[in-house]
Amino acid sequence: MSPVSDSKAKVLVVGMLDSIHLARWLSQLVGVEFEILVTGTSPYRKIRPELQELAERPDSNIRIAEIFPRATLAGLRIFPALAWILDRLFQDEIRGYLLSRLIARSSPALIHVNELQVAGYPTIRALHRLGDSTIPLWSTNYGSEIVWYTKFASHKKRLATLLQRSSYFSAECNRDSVLATQLGFEGLVFPTYPVSGGIEPLKSMPASSHRTKIAVKGYDNKWGMGSEALRATWLAVERQTEKEIEIVAFSCNRPTLRQARALNGEGRTRIVTYSKGALSHTEMIALFSNSLAYVGASRSDGISTSVLEAMSAGAFPIQTDSSCSSEWLAHNQTGYLVPVGAVATIEEAVAGVLEGKYDLEESRRANARKLVEKADPTKLRALSINSYRQALKGSTAS
């Protein structure tokens, strides 16, 4: 890994070091003329292997910098855990202090916040500690941060503070750029496209008639509704008798795993489960390429990268309308948008797929065309690099 040069402009990227989206975003920037220093503000998150690999390339312009001391007690890194707990009480003061030290040492020409809360809130604290430094700030909305958290007064105020301090903003949904402006953002909005960069249709994939799986996102928490999605999918598969279909639930946590165990004991349909992070990106694409449909249900979301991956692999996307998938899918034609308050309708959507209601081959071709139009990796890499160049020059012209 080559050291960061003092002669080149530096960009400090603050994000979630365990995020595949961040790793894929940064992969677009390998070999550019500016240096990238990437750090995380969550001490419990492990560095994503794909990100580590980017930083370890011999000619890499990307370097990872941890802000937490590495001192251990009985093999455990005590300080990071303590800092995380205390920061829940002191609203990011400790992480803001540690981040401010990194900013002072590295003197970046631009700070790019790749996630508004985990990354953005400590960054605002850090800049305040540095006397409200004039370093330009670019804020990128991940998922549904603005949509969901502006419902809460304390978060709305902090998001507004971050956005009003930012000179640049980007998001993967047009709706979020509108909301950012409503919160007081007055700078340049960069083009709207996926936060993980481009994705292209698979050049070769099984025909729909040869597919025997349905993929279900099993994430179940205050946003995800994996258990409900799994049960609705299972009911649809159980009620048909013509095809032997296997349900594969991925990114599962405990509620969905319990649901899967219960359903596996009730009917004839086999449910296979994978915990969050158990499948690599390559394995996820392989799953989608063997699935008739992909099912995702959440109370709030961005595009949902899983929708784009399903589109790329020819699986019919079934996704709650709490996402901005409507900017990518035509309801009842190239996908099915489930009303967030009526997740049970997933059963009817899955049944429609199994009963031949949709022309799956035509929807696959249409979704492939949409990806070529809106998510071509070469075009998005050029857009990403140009955005950094504009920000480094201080340009606010669209």
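Note that this is a predicted model, so its numbers are computed, not measured.

1. A closer look at the sheet that holds strand S1 (residues 10-15)
Spatially, seven strands are ordered S3-S2-S1-S4-S5-S6-S7 in an open sheet, and the strand pairing comes out parallel. At either margin of the open sheet sits one strand with a lone partner, and together these are strand S3 (62-64) and strand S7 (188-189). Both S1 and strand S2 (residues 35-40) contribute to a ladder of six bridges, which runs parallel. Bridge assignment links Gly-15 to a residue of S2, and that residue is Gly-40. Contacts between helix H15 (residues 377-393) and the sheet are confined to S1, strand S4 (110-114), strand S5 (137-140), strand S6 (168-170) and S7, with S4 contributing the most and set at about 135° to the helix.

2. Overview of the pairing of S5
A two-sided burial pattern is seen for S5, the buried positions comprising Leu-137 and Ser-139 on one face and Trp-138 and Thr-140 on the other. Strand direction decides the pairing type here: S4 and S5, joined by four bridges, are parallel. Looking at the pairing, Asn-114 lines up with Thr-140 of S5. Relative to S6, S5 runs parallel, the two sharing three bridges. Paired with Ser-139 across the strands is Phe-169, a residue of S6.

3. Here's the deal with the pairing of strand S12 (residues 316-320)
Of all five residues making up S12, five are buried, and the element is well covered by its neighbours. Both faces of S12 are covered, namely the face carrying Phe-316, Ile-318 and Thr-320 and the face carrying Pro-317 and Gln-319. In the sheet, strand S11 (residues 291-296) pairs with S12 via four bridges, with the strands oriented parallel. Each residue of the ladder has a partner; that of Ala-293, found in S12, is Phe-316. In the classification by handedness, the crossover that spans S11, the intervening helix H12 (residues 305-313) and the parallel S12 is right-handed. In this structure, S12 lies alongside strand S13 (residues 336-338), joined through three bridges in parallel fashion. Residue pairing in the sheet places Gln-319 in a bridge with Leu-337 of S13.

4. Section: the packing of helix H1 (residues 20-27) against helix H2 (residues 49-56)
Relative orientation of the contacting elements H1 and H2 amounts to 30°, with a least axis distance of 8 Å. When the interaxial angle is binned, H1 and H2 end up roughly parallel. Where H1 crosses over H2, the two elements pack in a sense that is left-handed. Together, Ile-20, Leu-22, Ala-23, Leu-26 and Ser-27 of H1 and Glu-50, Leu-51 and Leu-54 of H2 make up the contact between the two elements.

5. A word on the nonpolar core
With 57 residues, the main nonpolar core has Leu-26, Val-38, Leu-51 and Tyr-388 as its most contacted residues. Ignoring any residue separated from it by four or fewer positions in sequence, one finds Tyr-388 in contact with Val-11, Val-13, Trp-25, Leu-29, Phe-34, Leu-110, His-112 and Trp-138.

6. Observations concerning the side chain of Glu-172
For Glu-172, the position within the fold is in the loop between S6 and helix H8 (174-182). Of the side chains with opposite charge, Arg-175 lies nearest to the buried Glu-172, which makes no salt bridge, at 6.9 Å. A polar atom in the side chain of Glu-172 sits 3.2 Å from the backbone nitrogen of Val-195. Within the structure, Glu-172 has its side chain in polar contact with the backbone nitrogen of Ile-303 (distance 3.2 Å).

7. Considerations on the packing of aromatic side chains
Scanning the entire structure with this criterion turns up 15 aromatic pairs. Seen in terms of ring centroids, Trp-25 and Tyr-193 are 6.2 Å apart; in terms of plane orientation they differ by 20°. Their pairing is stacked. Residue Trp-25 is located in helix H1, and its partner Tyr-193 is located in the loop between S7 and strand S8 (213-217); the two are separated by 168 residues in the primary sequence. Counting every residue linked through ring pairs, the aromatic cluster contains Trp-25, Phe-34, Trp-138, Tyr-168, Phe-190, Tyr-193 and Tyr-388. The ring centre of Trp-328 lies 4.3 Å from the NZ or CZ of Lys-374, which sits over that ring.

8. Quick notes on the sheet that holds S11
Spatial ordering of the open sheet is given by S10-S9-S8-S11-S12-S13, a layout of six strands whose pairing is parallel. Only two strands of the sheet have a single neighbouring strand rather than two, namely strand S10 (271-275) and S13. Within this sheet the neighbouring strands show an average axis-to-axis angle of 15°, counted without direction.

9. Here we look at helix H10 (residues 254-264)
Listed in full, the buried residues belonging to H10 are Thr-256, Gln-259, Ala-260 and Leu-263. With its buried residues spanning 100° around the axis, H10 presents them on a single face. Facing away from the buried surface of H10 by more than 90 degrees, the exposed residues are Arg-254 and Arg-261.

10. Points about the environment of Ala-119
Looking at where Ala-119 falls in the secondary structure, it is placed in the loop between S4 and helix H5 (120-129). Residues Ala-119 and Asp-92 lie 27 residues apart in sequence; the distance between their C-alpha atoms is 10 Å. Those residues in contact with Ala-119 that lie beyond four places of it in its chain are Val-14, Gly-15, Thr-41, Val-113 and Asn-114.

Scoring rules and cut-offs
- Residues numbered from 1 in each chain as written.
- Predicted model: local features only at pLDDT ≥ 70, side-chain atom pairs only at ≥ 80, totals over all residues.
- Heavy atoms only, no water.
- Pairing = 2+ DSSP bridges.
- Helix = DSSP H or I, 4+ residues; strand = E, 2+ residues; numbered from the N terminus.
- Contact = heavy atoms within 4.5 Å.
- Axes fitted to C-alpha atoms, helices over the stretch in contact; angles between N-to-C directions.
- Buried < 20%, exposed > 50% of the residue type's maximum accessible area, 1.4 Å probe, protein only.
- Right-handed = clockwise from strand over helix to strand, strands pointing away.
- Parallel < 35°, antiparallel > 145°, perpendicular 65-115°, else oblique.
- Left-handed = near helix turned anticlockwise from the far one by under 90°.
- Core = buried A, V, L, I, M, F, W, Y, C linked by side-chain atoms within 4.5 Å.
- Lys, Arg positive; Asp, Glu negative; His and termini not counted.
- Salt bridge = Lys/Arg side-chain N within 4 Å of Asp/Glu carboxyl O.
- Polar contact = N/O pair within 3.5 Å; in protein donor to acceptor, adjacent residues only side chain to side chain.
- Phe/Tyr/Trp six-rings, centres within 6.5 Å; stacked < 30°, edge-to-face > 60°.
- Lys NZ or Arg CZ within 6 Å of the ring centre and 35° of its normal.
- Arc of directions from axis to C-beta.

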